[in-house]
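Topology and contacts: notes
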Amino acid sequence: MAYWLLKSEPESYGWDDLVRDGRAEWDGVRNAAAAGHLRAMQPGDSALLYHSGKDKAAVGIATISRAARADGDDGRWVSVEITPDRPLPRPVTLAAMKAETRLTALPMLRQSRLSVSPVGEAEWAVLMGIAGL
């Protein structure tokens, strides 16, 4: 199993929307690196849903429920399906991530504009600890 971080503006599509819908197509990603990460996702992988914008915090855990498929006609872009797993007991803020020395290599912190990024197993454990899991 692999771990990921998915960023979204909560005003566009946030955790509450995912819970309401029960599943979502994670599409519209138009960055080559982020699309590569979507291609690597497999059903059963876990992903933190991170609210960008004013919240700047990971708020819930989603499960990848379908592997990548084409998103658009040119074959360059892909989407995956996600389902909600559970909300985090405590949101993991960007400030908390930056303050934690064990997260300095977290791709989300090094490439802040990337909307889809991997999370290592050790980093995931640290994030879950901050979240109270």
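Structure shown above.
A few points on the structure.

About the thresholds
Residues numbered from 1 in each chain as written. Predicted model: local features only at pLDDT ≥ 70, side-chain atom pairs only at ≥ 80, totals over all residues. Heavy atoms only, no water. Helix = DSSP H or I, 4+ residues; strand = E, 2+ residues; numbered from the N terminus. Rg over C-alpha atoms; globule rule 2.2 N^0.38 Å. Buried < 20%, exposed > 50% of the residue type's maximum accessible area, 1.4 Å probe, protein only. Contact = heavy atoms within 4.5 Å. Phe/Tyr/Trp six-rings, centres within 6.5 Å; stacked < 30°, edge-to-face > 60°. Pairing = 2+ DSSP bridges. Axes fitted to C-alpha atoms, helices over the stretch in contact; angles between N-to-C directions. 1 Å grid on protein atoms, 1.4 Å probe; cavity = no way out; pocket = protein on both sides within 12 Å on 5 of 7 lines; lining within 4 Å. Points joined across faces, edges and corners; volume = space filled by probe spheres on them. Nonpolar A, V, L, I, M, F, W, Y, C, P; charged D, E, K, R; others polar.

1. Examining the overall build of the chain
- When its secondary structure is counted, the chain shows five helices and six strands.
- When the helices and strands of the chain are read in sequence order from the N terminus, they spell out β-α-β-α-β-β-β-α-α-β-α.
- Against the compact-globule benchmark of 14 Å for 133 residues, the chain has a radius of gyration of 14 Å, which places it among compact chains.
- Dimensions of the chain, computed from C-alpha atoms along their principal axes, come out at roughly 40 × 30 × 30 Å.

2. With respect to the environment of Glu100
- On the secondary structure map, Glu100 appears in the loop between helix 3 (94-99) and helix 4 (107-110).
- For Glu100, a relative accessible area of 16% puts it in the buried group.
- For the pair Glu100 and Ser65, spaced 35 residues apart in sequence, the C-alpha separation works out to 30 Å.
- Excluding its chain neighbours within four sequence positions, the residues that come into contact with Glu100 are Val126 and Ile130.

3. Description of the packing of aromatic side chains
- In the structure shown here, the tally under the stated rule is one aromatic pair.
- Between the aromatic rings of Tyr3 and Trp124, the centroid separation amounts to 4.5 Å while the plane-to-plane angle is 20°, which identifies the pairing as stacked. Residue Tyr3 is found in strand 1 (residues 3-8), and its partner Trp124 is found in helix 5 (residues 121-131); the two are separated by 121 residues along the sequence. Here the two residues Tyr3 and Trp124 agree in accessibility, since each one is buried.

4. Here's the deal with the sheet that holds strand 3 (residues 46-51)
- Strands sit in the order 2-5-4-3-1-6 across an open sheet of six strands; the sheet is mixed. The two strands at the open ends of the sheet, each matched to only one other strand, are strand 2 (24-26) and strand 6 (116-119). Averaged over all pairs of adjacent strands, the angle between strand axes in this sheet comes to 40°, irrespective of strand direction.
- Note that strand 3 and strand 4 (residues 57-70) share six bridges and pair antiparallel. Looking across to strand 4, one finds that Leu48 is bridged to Ile61.

5. Observations regarding the layout of surface pockets
- Its volume calculated, the largest pocket comes out at about 180 Å³.
- Contributing to the lining of the largest pocket are 14 residues, with Lys7, Ser8, Glu9, Tyr13 and Trp26 lying nearest its centre.
- Counting only elements with at least two residues in the lining of the largest pocket, the list comes to strand 1 and strand 2.
- No other element matches the three residues that strand 2 contributes to the lining of the largest pocket.
- Residues belonging to the lining of the largest pocket are distributed by class as follows: four nonpolar, five polar and five charged.

6. Regarding helix 5
- Among all positions in helix 5, only Glu123, Trp124, Val126, Leu127, Met128 and Ala131 are buried.
- Positive backbone phi, at 90°, marks Gly132, one or two positions downstream of helix 5.

7. A look at the pairing of strand 5 (residues 78-93)
- For strand 2 and strand 5, the ladder comprises three bridges, and the chain directions are antiparallel. Counterpart to Trp26 in the pairing with strand 5 is Val80.
- Relative to strand 5, strand 4 is paired through 10 bridges, and the arrangement is antiparallel. Bridging across to strand 5, Thr63 finds its partner in Thr83.

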